[in-house]
Each structure stands twice: as C-alpha cells, then as structure tokens.
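Structure assessment
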Amino acid sequence: MFVLPLLLAVTTFTMQDSTAPAPRARHPRRPLVAVSVAPLAAAAAVLESAVPALTAAQVDVQALELQAPVMALAAAQIQQAVAAFPTFAVAVDVADLDDVTPPAPWVQQDPADSLYRAARRALNRNEYARAAQLFESIQKRYPRSTYTPDSYYWQAFALYRTGSADALRAARRALQTQGTRYPKATTRHDAEVLLRRVQGELARQGDRDAAEDLSAAADSIAEPPDVPEPAEPAEPAEPAEAPEPAEGPRGRGHRTDSCDDEDDVRMAAIQGLMNMDAERAVPILKSVLARRDAGSVCLRRKAVWLVSQKNSSETAAILLNSVRTDPDLDVREQGVFWLSQVRGEEAVTALDSILRDPRSDPEIQDKAVFALSQQNNPRAAATLRAFAERRDVRTQLRENAIFWLGQRRSPENADFLKGLYAKLENEELKKKVIFSLSQMGGADNSRWMMDIALNQSESTEIRKHALFWAGQAHNVDVADLVRLYDSMKDREMREQLIFVYSQRREDAALDKLFAIGRNDPDRELRKKAIFWIGQSRSPRAAQYLQDLINQ
C-alpha cells in the first residue's frame, strides 16, 4: 500500500551551559502544517490501483524476463500518478502546543530528580495544576538544581494549558522570571514563543497590558530593521584583480534562506494579535509581505499562511499580490497553495489569472492547477478544462490538469475528457485522459476505454493502456474479456489480456489462463499464462501447476 507521509521539520536546541547538560527535549518546534485536502485522499487510490501489478511482480530473477513488459506498464501508471502531485514546501512555523513532553530525567543524583519525575509524570497525564505546583516546588526547594532553569518553562506551559486568567498571569510571571534569571536555559527560545501565546490569550480576555505588549511587538515587525551604513573601505595598496562573478539565480525569483529563531517569536506575536484584533493584524501582515529585506523571507513565508486564515474579501488579493511580486519562490508557491484553501470567487479569479498570465513561472502554474482542483466550484472546474485544452503550455502542465479533472467525478468532466481525447495527437496526453477516466469509474467510462482498446486505428501502446485500465474496472464483465482473447489477433494485445486476467479474481479469468497455458499455439504466451497462474493464491492454481508438472 502506498503511503504519502508528511515529514515534520525538526530543529535542534541550544543546550544550556551547566554541569550536567540536559538531553534534547521534545518541544514544539515548527511542524509543517497538515492541510485537509479532500481530493488527495481520492488521488492516493490512483497510486494503489497499480499495486497489484507490482505485488505480483515480486518474483525470482528468472521470471523477470517473462514479466518485464507488464512491470514496465505498471510502473508507468504509478509514474503518471505521482507526477501529478505538486511538490509543496508548506513550512509554516506555528507553535504546536498540543503534544509536548518534557525530556526524560537525566541527572539521577540531582536532589530534585524525583520531584522532576513526578512533575513530568503529572504533565504527561494532563494533570496541569498539579504539574505546575511540582515544577514550582523544584524552584523553591532546589534553586541550584540542574532542573531548575527549565522548570519555569514547564510550569508556565502547564499553567497555560489550564486557560484561566490567573493561571495565564502566573505563566507570564514564570516566563519573565526565567528570562531574567536563566537567559541561557535550554527552553529559552520556546519560552519566548510561549510568552507571546500567553500574552495573546490574555489580550483576548481583556488584559490591557498584554494587548499593548502584543501590539507593540507586532508593530515592530512591519518595518525592516535599520541597517547601519557600511564603513568606508581602506584604500588597497595594490589594485586587486576582480574575481569572476558568481552565477546568480536563474528564472524569476529564487529560494533564499534567512530564517532565525526570532521569527517564531515575531509570528507568535502577530498570531496573538490576529486572535485579538484581526482587523488590525491584517495591515501589519500586508506590511510584512511588502518587505524585501533579506531578513524578512521567513516572516513572509509564514505571513501568507496567517493571511489565509482570515477569509475576507481582500484575502485572495493579498495572496495573489505575493504570488506575482515576491522575489522568493517559496513565498510565491505557498501563496498559491493557500489560495487553494480560500473559498470563494475571488480565489478562483486569482488562480485563473495566474494560469492566463504568460509571465507566470511554470512551477507556479503547476501549483495553481492543483489549487484550482481543490476548489469545489464549477468555475474552477471550467478553468481547469480550458487550461487542459491549451496548446501553448507545457505538456506536463496539461497532463496535470487532466489528472486533477479525473479526481473530480462529474458528467461534465467525463464528457470533456472524451471530447478532448478526440482532438489530441500527443500520446502522453491521450494516456493521461484514459487514466483519468479510469479513476472516475462508471460503466460508460469503462465501455469507452474498451472501445479504445478495440480500435485498430489507435497505436498498440494506447490500446494496451486502455485495456489495462479497463481491466482494472470491475464493472467490465469478465466474460467479455475472456471472449476477447480468441478474437484478438494482435500478439501484444493478447499478452496484455493475459496480464489483465491475472488481476481479476473471478474463476472465469483463472479458467482462461488455464486454457491458454494448455492450448495456446504460441509457446511464449503459454509461458506467460503459466507464470501468472503461479502468482495466484488459489488452490486451483496450485493443483493446475502440479498436474502440469506430472503430465
């Protein structure tokens, strides 16, 4: 079974300088945001549809010669499906405080070790009030303990999870105390992020001091930092030979990495302001997205996500502006991705404009095709259909548009794809149409694929492709497939039918393989039939092979 994993980004921690260094704690560190995209689940089935061919193909080396054509065909199907999935780097640094565990005890001889174990156990059991008390006890009873510096963070975390105003204020005091007394604590960076979250929650509950602090922090992010004037260079004694210029990035914009840990803190402040006063946060986010200094790249990547979380009349326009003007490729790609999650005509219009703009990067257009496929909107489907017909765009982009149309099952899309097929000359595009119609399912689509398989004016490769996917559809009567073998004169098509029979579970398909293995005048076809019989788990297949050996 194919699994499409979402890899989490893991960062390292700055270790506290102490006599017994703490192990790496499992803190909330910039996970990738998992977005619920419904058609992805359906598209995963595309990959699984070719699994039987590969599973059956796991045989000894001597048999590879027999099955090589079939393996090549099955591999092609998987490659087609995988190619349609756009590669997104949706790295949004959002502090995830739902699954946090303090590190295991690491200084057994420390006098606070047993108390730390109890506090950790209480926190893991979601006993937040008790955990906060126990972490505070470490500070009071063992101020010189190795565990003390980080205990302030874990105390504050437990208090934050309780959610009451008093607990939040106590959490703020604990975090501020840690910053004053233990500025090099292992959890210091996480504490700064948590403090912004605490302040955001307090501000939402009406705490004036927290609101002012949060607003000031958010306001400071909108403007780029002052850059000091460079000093006058000293006069060189000898004129140096100019070095060869480094090759610059190619294409419109490029990826740059200028991230630092303070970005987490800054974005936590904006997110807190967003929760407190979204109308005020949006102009600040627009100012962040307008920045072009090197230090703002990571901020802009995160800002596009925050913008997408407030679905307003200007959300699509803000994201589209970033897609069109930001010099960083990641910002532009993520802007397109988050447009896929913004519902409404404005988002569809923005994505349509990306596809129509001849200046758009092919990578960005590819993301726009995907984004449109996520819009449950008739106009979005119409835009994809129009794009699939265009002859002035790359074949791969058209293939992907056809693929995603196949993931939206509708009579309109099915009729369009069949009509498009008749106009196509490119065989790769034709294969993609067949593949997409196979994913839609339905008796009409299966009959259409069978018609293509029987059409001798089509190339053999196209006919084999259509037969393969029609054979995977169980609404094609196995009796029709069995009768087809004797009327089929093309040897390659007969070979393909043998494979199709091997993928069916009906007794009639296995009976046909038995007959071919015994009676077909073509020795190579008999060998292929016997090979696939050997891959069957049916007791009848085992008996057949035994009888064949003994005859």
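Residues numbered from 1 in each chain as written. Predicted model: local features only at pLDDT ≥ 70, side-chain atom pairs only at ≥ 80, totals over all residues. Heavy atoms only, no water.

**Considering the nonpolar core**
- Counting 94 residues, the largest nonpolar core has Ile-354, Val-433, Ile-434, Leu-467 and Tyr-501 as the members making the most contacts within it.
- With near-sequence residues (within four places) excluded, Leu-467 lies in contact with Met-450, Ala-453, Leu-481, Leu-484, Met-493, Gln-496, Leu-497 and Val-500.
- In this structure, Val-100, Phe-135, Tyr-152 and Tyr-160 belong to the second largest nonpolar core, which totals 38 residues. (Core = buried A, V, L, I, M, F, W, Y, C linked by side-chain atoms within 4.5 Å. Buried < 20%, exposed > 50% of the residue type's maximum accessible area, 1.4 Å probe, protein only. Contact = heavy atoms within 4.5 Å.)

**Here we look at the pattern of salt bridges**
- Applying the stated criterion across every chain yields a total of 33 salt bridges.
- Arg-301 is the partner of Asp-330 in a salt bridge, and the nearest nitrogen-oxygen pair spans 3.6 Å. Remark: Arg-301 occurs in helix H12 (residues 297-308) and Asp-330 occurs in helix H14 (residues 329-339); sequence separation between them is 29 residues.
- Of the residues examined, Asp-330 reaches a relative accessible area of 9% and is grouped as buried.
- For Asp-511, the salt bridge goes to Arg-540, with nearest N and O atoms at 2.2 Å. With Asp-511 in helix H25 (residues 507-519) and Arg-540 in helix H27 (residues 539-550), the pair connects residues that are 29 residues apart, well separated along the chain.
- Note on Asp-511: relative accessible area 35%, which makes it partly exposed.
- Using a relative accessible area of 34% as the deciding quantity, one classes Arg-540 as partly exposed.
- Salt bridges here are not isolated pairs; linked through shared partners, they connect Arg-491, Glu-495, Asp-522 and Lys-528. (Salt bridge = Lys/Arg side-chain N within 4 Å of Asp/Glu carboxyl O. Helix = DSSP H or I, 4+ residues; strand = E, 2+ residues; numbered from the N terminus.)

**Thoughts on the packing of helix H18 (residues 395-406) against helix H19 (residues 411-423)**
- Their axes nearest at 10 Å, the elements H18 and H19 cross at an angle of 145°. Packed against H18, whose contacting residues are Arg-398, Ile-402 and Leu-405, the element H19 presents Asn-413, Phe-416, Leu-417 and Leu-420 at the interface. (Axes fitted to C-alpha atoms, helices over the stretch in contact; angles between N-to-C directions.)

**Examining the packing of aromatic side chains**
- Tallied over the entire structure, the rule returns 20 aromatic pairs.
- An angle of 85° between the planes, with centres 4.9 Å apart, marks the rings of Phe-468 and Trp-469 as edge-to-face.
- By relative accessible area, Phe-468 is classed as buried at 1%.
- Judged by its relative accessible area of 2%, Trp-469 is buried.
- Look at Phe-514 and Tyr-544: their rings are 4.4 Å apart centre to centre, the planes differ by 10°, and that puts the pair in the stacked class. You can see Phe-514 sitting in helix H25 and its partner Tyr-544 sitting in helix H27, a full 30 residues away along the chain.
- Relative accessible area serves as the criterion here: at 8%, Phe-514 is assigned to the buried category.
- Connected via pairs of aromatic rings, a cluster forms that spans Phe-370, Phe-403, Trp-404, Phe-435, Phe-468, Trp-469, Phe-499, Phe-531 and Trp-532.
- One Lys or Arg, Arg-494, reaches over the ring of Tyr-485 and ends 4.6 Å from the middle of that ring. (Phe/Tyr/Trp six-rings, centres within 6.5 Å; stacked < 30°, edge-to-face > 60°. Lys NZ or Arg CZ within 6 Å of the ring centre and 35° of its normal.)

Keep in mind these numbers describe shape, not what the thing actually does.
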